Amino acid sequence: ALFVLGTQFLLFKERYGKFYFLSSDPGLLVNKLKVVDWVYKTSKSDGFKVYTYSPHFWDYPYQYLIWWQAKTRYHYLPNKYFYLDNQPAYVRAKKEADSLFEERTATCDYLIIEPFYSQQDWFLEWRGHFGSSQKTWEEGKTRVEKLCP
């Protein structure tokens, strides 16, 4: 049995070893959770809005993680959390799920910006909808901007 475990370790060490160490990969759950937690912690329990730029266009991972962290840890949701205001609904049953939480008046906006390599025009158009940031923070390759009036 020890021989089998040792052989398996040697065979899969390179393939899976990278997942046991810190990485700046914005797609890793641990990095996305750090971003969501940073937003909640810097809001200091005040209401806020979150807008997400993802090169994949849809921001489903952040939609889910923000909701899940609200449910399990923070017990309130941002006033808005999606990629841009005044867009068609793209998450099924979001309104019903959001109604489970209290609403707080938003005092700041946060922009979560995942790295992009080929969509400069689309990013600039998206970023043009928002004002200047007062604070910027990076988790790996993901940038978060805090905008307060």
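Residue positions are given per chain, counting from 1 as you read along its sequence in written order. In keeping with the predicted nature of the model, local features appear solely for residues at pLDDT of at least 70, side-chain atom pairs appear and are counted solely at 80 or more, and the whole-chain, interface and lining totals rest on all residues. Based on all heavy atoms of the structure, the side-chain values leave hydrogens and waters out of the count.

For the purposes of this entry, the term helix denotes a DSSP run of H or I that reaches at least four residues, the term strand denotes a run of E that reaches at least two, and both are numbered from the N terminus. Along the chain, glutamine 63 turns up in helix α3 (residues 60–74). For each residue, the accessible area found with a 1.4 Å probe, counting protein chains only, is set against the maximum for its type, and the residue is called buried under 20%, exposed over 50%, and partly exposed in between. You can call glutamine 63 buried: its relative accessible area is 6%. Polar contact criterion, stated in full: a pair of N or O atoms within 3.5 Å, where within protein one must be able to donate a hydrogen and the other to accept it, and residues adjacent in sequence count only if both atoms are side-chain atoms. A distance of 3.4 Å separates a polar atom in the side chain of glutamine 63 from a polar atom in the side chain of tyrosine 90. Contacts were defined at the residue level, with two residues in contact if any of their heavy atoms lie within 4.5 Å. Residue contacts for glutamine 63: discarding those within four places in its chain leaves Tyr81, Phe82, Tyr90, Val91 and Lys94.

Moving on, we come to the environment of tryptophan 68. By the element assignment, tryptophan 68 lies in helix α3. The spacing of tryptophan 68 and leucine 2 is 66 residues in sequence and 40 Å in space, taken between C-alpha atoms.

To continue, consider the environment of tryptophan 58. Mapped onto the fold, tryptophan 58 is located in the loop between β1 (47–53) and α3. For the pair tryptophan 58 and proline 88, spaced 30 residues apart in the sequence, the C-alpha separation amounts to 12 Å.

It is worth spelling out the nonpolar core at this point. Nonpolar cores are built from buried Ala, Val, Leu, Ile, Met, Phe, Trp, Tyr and Cys residues. Side-chain atoms within 4.5 Å join them into one set. In this structure, Val39, Tyr40, Phe48, Val50, Ile66, Leu77 and Tyr110 are the most contacted members of the largest nonpolar core, which totals 21 residues. Listed by contribution, the elements that provide at least two residues to this core are α2 (29–43), β1, α3 and β3 (106–113). Looking at which element gives the most residues to this core, the answer is α3, with 6 residues.

Looking now at the packing of α2 against α3. Helix axes are fitted only over the stretch in contact, all axes being lines through C-alpha atoms; the angle between N-to-C directions runs from 0 to 180 degrees. At a minimum axis separation of 10 Å, α2 and α3 run at an interaxial angle of 60 degrees. As judged from the angle between their axes, α2 and α3 are oblique. Viewed along their axes, α2 and α3 form a crossing whose handedness is right-handed. Touching Leu29, Lys32, Leu33, Val35, Val36, Asp37, Tyr40 and Lys41 of α2 are Pro61, Tyr62, Leu65, Ile66, Gln69, Ala70, Arg73 and Tyr74, all from α3. Its residues placed into classes, the contact of α2 with α3 shows 11 nonpolar, 1 polar and 4 charged. Roughly parallel means an angle under 35 degrees; roughly antiparallel, over 145; roughly perpendicular, 65 to 115; everything else is oblique. With the far helix as reference, a near helix turned anticlockwise by less than a right angle produces a left-handed crossing, and one turned clockwise produces a right-handed crossing. Amino acids outside the nonpolar list (Ala, Val, Leu, Ile, Met, Phe, Trp, Tyr, Cys, Pro) and the charged list (Asp, Glu, Lys, Arg) are all regarded as polar, and Gly is one of them.

One number sums up the size of the largest pocket: a volume of about 440 Å³. Each cavity reported here is a set of points on a 1 Å grid over the protein atoms alone in which a 1.4 Å probe fits but cannot get out, each pocket an open set with protein on both sides within 12 Å along at least five of seven lines, and each lining residue one with an atom within 4 Å of a point. Looking at the largest pocket, it is lined by 21 residues, and the ones nearest its centre are Asn79, Lys80, Phe82, Lys94 and Asp98. Grid points are joined across faces, edges and corners, and a volume is the space filled by probe spheres set on the points.

Side-chain rings of Phe, Tyr and Trp (the six-membered ring for Trp) are treated as a pair once their centres are within 6.5 Å; stacked means planes under 30 degrees apart, edge-to-face means over 60, and tilted covers the remaining angles. Considering all chains together, one arrives at 20 aromatic pairs under this definition. A centroid spacing of 4.9 Å and a plane angle of 45 degrees characterise the contact between tyrosine 53 and tryptophan 122, whose relative ring orientation is tilted. Residue tyrosine 53 is found in strand β1, and its partner tryptophan 122 is found in helix α5 (residues 120–127); the two are separated by 69 residues along the sequence. Among the residues examined, tyrosine 53 registers a relative accessible area of 1% and is labelled buried. For the ring pair phenylalanine 116 and phenylalanine 123, a centre distance of 4.6 Å and an interplane angle of 25 degrees mean the geometry is stacked. Among the residues examined, phenylalanine 123 registers a relative accessible area of 7% and is labelled buried. Three or more aromatic residues joined by ring pairs form one cluster here, namely Tyr51, Tyr53, Phe82, Phe116, Trp122, Phe123, Trp126 and Phe130. Seen from the ring of tyrosine 81, lysine 94 lies directly overhead, with NZ or CZ sitting 3.7 Å from the centre. Each ring is checked for a lysine NZ or an arginine CZ that lies within 6 Å of its centre and within 35 degrees of its normal; such an atom marks a charge sitting over the ring. It is arginine 104 that lies over the ring of tyrosine 76; its NZ or CZ is 3.8 Å from the centre.

With that settled, consider the pairing of β1. Taking burial as the measure, the 7 residues of β1 include 6 buried ones, the bulk of the element. By definition, two strands form a pair when at least two bridges between them are found by DSSP. When β1 meets β3, the two strands line up parallel, connected through 7 bridges. Counterpart to lysine 49 in the pairing with β3 is aspartate 109. Where β1 lies against strand β2 (residues 80–82), 3 bridges are found, and the strand directions are parallel. Across the sheet, valine 50 pairs through a bridge with tyrosine 81, a residue of β2. Seen with the strands pointing away from the viewer, any crossover whose path from the first strand over the helix to the second strand runs clockwise is right-handed. You can see the chain leave β1, run along α3 and come back into β2, and the turn it takes is right-handed.

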